[in-house]
Number of protein chains: 2
Amino acid sequence: MTNQTTFIAGDWGTSNLRLYLCEYRANGQSQILETRYGPGVSQLNGDFEEKIFSLIQPWLAHHPNAPVLLSGMIGSTIGWKEAPYLTCPASVEQIANGRLSFTARGTSFSILAGLRTINPLGNPDVMRGEELQMLGWLNSQTTPPSEQLFALPGTHNKWTMIRGQQVENFLTAFTGELFALLKNNSILVTNHDELSFNHESFMLGVSTAERLGSASLLHGLFSTRAKQVLGDMPSADAQAYLSGMIIATDVIGARSLWPDSSSVVVIAEQALSERYASVLEHFDLNAQCGDPASIAVQGYAAIYQQLFA
Amino acid sequence: MTNQTTFIAGDWGTSNLRLYLCEYRANGQSQILETRYGPGVSQLNGDFEEKIFSLIQPWLAHHPNAPVLLSGMIGSTIGWKEAPYLTCPASVEQIANGRLSFTARGTSFSILAGLRTINPLGNPDVMRGEELQMLGWLNSQTTPPSEQLFALPGTHNKWTMIRGQQVENFLTAFTGELFALLKNNSILVTNHDELSFNHESFMLGVSTAERLGSASLLHGLFSTRAKQVLGDMPSADAQAYLSGMIIATDVIGARSLWPDSSSVVVIAEQALSERYASVLEHFDLNAQCGDPASIAVQGYAAIYQQLFA
């Protein structure tokens, strides 16, 4: 064991594969040396081994002993090999130990376990891959807080509570997929041109969601249409209005489920992080934003440290 | 003026045209003599006059003086001629007088006005055509109540409050279109076979919505997926579960907006009426169901009475 070594990490989701060649440092942090992209699980007909070796072969040529850590839907029933779901609360040790490990073409692979929970609404819930973001964020803090609420916006936003450095609980909100369905397939948004994002319309959507009270998003959505029909809103602004209403509904609901959290760590691509931060701040919650790729790598580093360092 | 006469009524919406040859009776009620169906507004390239005469010509041959009353999207910007939106509260007299009237090929046409309001959430809202259902229901009651809440489930459910025989206010819930989007285009429902409707799964969806509390539908939807992934629910039951969650969310929201209403008149096709009635009764609200076609005709009769009787 040297105090500097190399491993390969992969976030292999339904739609995308992101592979990182990483250098692990003795301080427990890692650095990305190179990045490669590939097809998601749903785009391959079971040719997972073939595909990943075509991508990592050049790296293995220089680092023949680098182990490969994979997370995400690659461990699901539609993936390469099925890794279990661990029950929350789950620590980094449990996630590392719950992995499925095997050897292919002489290389050591680990597919990380997913997580399952009964969420704060009493519903069963699942995640695969997002846990690396929380572990990575914790790993990058010099003094991690005793508890922290996270939002991981995307197709299915994961609201996650970390307590005592464990993933204590989480809830999946259908935010991103619902927005995409309404934007692309409903009567609410009919102007699909390339549009500049109108922040004022976005905040109008936020205040509409705020006014819903004990009514539901279901009762606010049609206002997107009515405002256009009555000439109160140009059709070009409907997307931003709808985005504001949906993100604010998501934030209001999460605030009611974790009422003691006054700060939220948002991990998403920049434009989406900024929208969430606007809404969180509107509701007097402090928002810290982070970049998913670099944070995820610190999560893989934490797992690497458990298993190999 | 005889004490028995004939008129033609048409509910001309976006997707369908329903035409009725009606006999108006001196008691203010009407009877459907014949029904004909045609294409909706969105399916015609402006050939509205041509289309309607091809359908009503046989009726006009026997009843050359029958006036034609049309309601629905035929009076919108995508329709034949644009009728105004009247501001609520609106009485049957105001709706009758707000019509757009004209003569085509010697026949008298009236396109009824739509309604606009600021709904109980403070959002602008619109309807075109559904007002006939409330007017028809009132017209069919020997002693109409001083106020009555209505649900008109469909693509866009209209919750409507009638007070003092006026359409006082209404709110459009996005229930039907949202259910269709989630059923057909989301990851929540992947089994699209012809399925029998599982009432137990439907009621499980209802109790899931009940548990949401101050969280939103957005936070309950993903449970449809998680239950299937974890083996708690067969994929064949996901539609019924989702339907229960969405309809219950709609009912819970409406109950919060009109807390003093203990009974709801539901006007929709039978299967949908029964689902709403199940949910309303679950939440201790009394449900009365009615058939849309026969009730609408009493609405046209009320307008006919104002204009021609």
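No experiment lies behind these values; they were computed from the predicted model shown. (Residues numbered from 1 in each chain as written. Chains lettered and ligands numbered in written order. Predicted model: local features only at pLDDT ≥ 70, side-chain atom pairs only at ≥ 80, totals over all residues. Heavy atoms only, no water.)

All names here are of chain A. Split by domain assignment, chain A resolves into domain 1 (4–142 + 293–308) and domain 2 (175–290). A separation of 32 Å is found between the C-alpha centroids of domain 1 and domain 2. With five residues of domain 1 at the contact, the number on the domain 2 side is six residues. Taking both partners together, domain 1 and domain 2 bury about 480 Å²; carbon and sulfur atoms supply 87% of that area. Contact with domain 2 buries area across many residues of domain 1, yet P120, W137 and I295 alone supply 73% of it, more than any other trio. Counting across the domain 1 and domain 2 interface gives zero salt bridges. Taken together, domain 1 and domain 2 are joined by zero residue pairs in polar contact (both at pLDDT 80 or more). Here the side of domain 1 that touches domain 2 is composed, by residue class, of four nonpolar, one polar and no charged. (Domains from an automatic or database assignment. Contact = heavy atoms within 4.5 Å. Buried area = accessible area lost by both parts, 1.4 Å probe. Salt bridge = Lys/Arg side-chain N within 4 Å of Asp/Glu carboxyl O. Polar contact = N/O pair within 3.5 Å; in protein donor to acceptor, adjacent residues only side chain to side chain. Nonpolar A, V, L, I, M, F, W, Y, C, P; charged D, E, K, R; others polar.)

Moving on, we come to the relation of the copies chain A and chain B. Once chain A is rotated about the relating axis by 180° and shifted along it by 0.0 Å, it coincides with chain B to within an RMSD of 0.1 Å. Here the transformation between the copies is reduced to the relation of a two-fold axis. Taken as a fraction of all interface residues of chain A, those also at the interface in chain B reach 100%, which identifies the copy contact as same-surface. (Least-squares fit on C-alpha atoms with pLDDT ≥ 70 in both.)

Now for helix α10 (residues 292–308) of chain A. Under the 1.5 Å per step criterion, the end-to-end length of α10 of chain A is 24 Å for 17 residues, consistent within 8% with the ideal 24 Å. Taken together, the buried positions of α10 of chain A are I295, A296, V297, Q298, G299, Y300, A301, A302, I303 and Y304 of chain A. (Helix = DSSP H or I, 4+ residues; strand = E, 2+ residues; numbered from the N terminus. Expected span 1.5 Å × (residues − 1). Buried < 20%, exposed > 50% of the residue type's maximum accessible area, 1.4 Å probe, protein only.)

Residues and elements named next belong to chain A. Across all of its chains, the model carries 12 salt bridges over all chains by this definition. In this structure, the salt-bridge partner of R105 is E50, at a minimum N-O distance of 3.3 Å. With R105 in the loop between β7 (100–104) and β8 (107–111) and E50 in helix α1 (residues 48–62), this residue pair connects regions lying 55 residues apart in the sequence. Among the charged side chains, a salt-bridge network with shared partners connects E49, E50 and R105.

Contacts between the two partners involve 50 residues from chain A, matched on the other side by 50 residues from chain B. Between chain A and chain B, the buried area comes to about 4,000 Å², and carbon and sulfur atoms account for 70% of it. Together, L218, H219 and F222 of chain A form the three largest contributors to the area buried by chain A at its contact with chain B, with a combined 19%. On the surface where chain A and chain B come into contact, there are zero salt bridges. Where chain A packs against chain B, one counts 12 residue pairs in polar contact (both at pLDDT 80 or more). Within the residue set of the side of chain A that touches chain B, elements represented by two or more residues are β10 (124–127), β12 (157–163), β13 (166–173), α4 (175–185), α5 (199–212), α6 (217–220), α7 (223–229) and α8 (238–257) of chain A. Looking at the side of chain A that touches chain B residue by residue, the class counts come to 26 nonpolar, 16 polar and eight charged.

Ranked by size, the top nonpolar core spans 96 residues in total, and within it W159, L182 and V251 of chain A together with W159, L182 and V251 of chain B carry the most contacts. Membership of the second largest hydrophobic core comes to 37 residues, among which are Y20, M134, I267 and A301 of chain B. (Core = buried A, V, L, I, M, F, W, Y, C linked by side-chain atoms within 4.5 Å.)

Residue and element names in this part refer to chain B. Ordered in space as β6-β13-β12-β11-β14-β15, the six strands form an open sheet in which the pairing is mixed. Two strands close off the open sheet at either side, each with one partner strand: β6 (90–91) and β15 (286–290). Taken together, the five bridges between strand β14 (residues 263–267) and β15 define a ladder with parallel strand orientation. Bridge pairing links V266 to C289 in β15. Helix α3 (residues 131–139) rests against β11 (147–152), β12 (157–163), β14 and β15 of the sheet, and its axis sits at about 135° to β11. Along the sheet, helix α8 (residues 238–257) makes contact with β12 and β13 (166–173), crossing β12 at roughly 25°. (Pairing = 2+ DSSP bridges. Axes fitted to C-alpha atoms, helices over the stretch in contact; angles between N-to-C directions.)

Our next topic: the environment of G72 of chain B. All names here are of chain B. Among the secondary structure elements, G72 is positioned in the loop between β4 (68–71) and β5 (85–87). Looking at G72, the relative accessible area reads 4%, which means it is buried. Excluding residues that lie within four positions of it along the chain, G72 makes contacts with W12, R128 and G129.

Once that is clear, we can look at unusual backbone geometry. Residue and element names in this part refer to chain A. Across the junction of C88 and P89, the peptide omega takes the value 0°, indicating a cis bond. Counting through the fold element by element, P89 comes out in the loop between β5 (85–87) and β6 (90–91). In this structure, R105 takes a positive phi of about 50° despite not being glycine. Backbone geometry at D284 places phi at a positive 60°, although glycine is not the residue there.

On to the sheet that holds β5 of chain B, then. All names here are of chain B. The strand order β5-β9-β10 describes an open sheet built from three strands, whose pairing is mixed. Each end of this open sheet is capped by a strand with a single partner; those strands are β5 and β10 (124–127). Here the average twist between neighbouring strands, direction ignored, is 30°. Of the pairings in the sheet, the one linking β5 to strand β9 (residues 114–118) comprises three bridges and is parallel in character. Opposite Y85, over in β9, you have G114 as the bridge partner.

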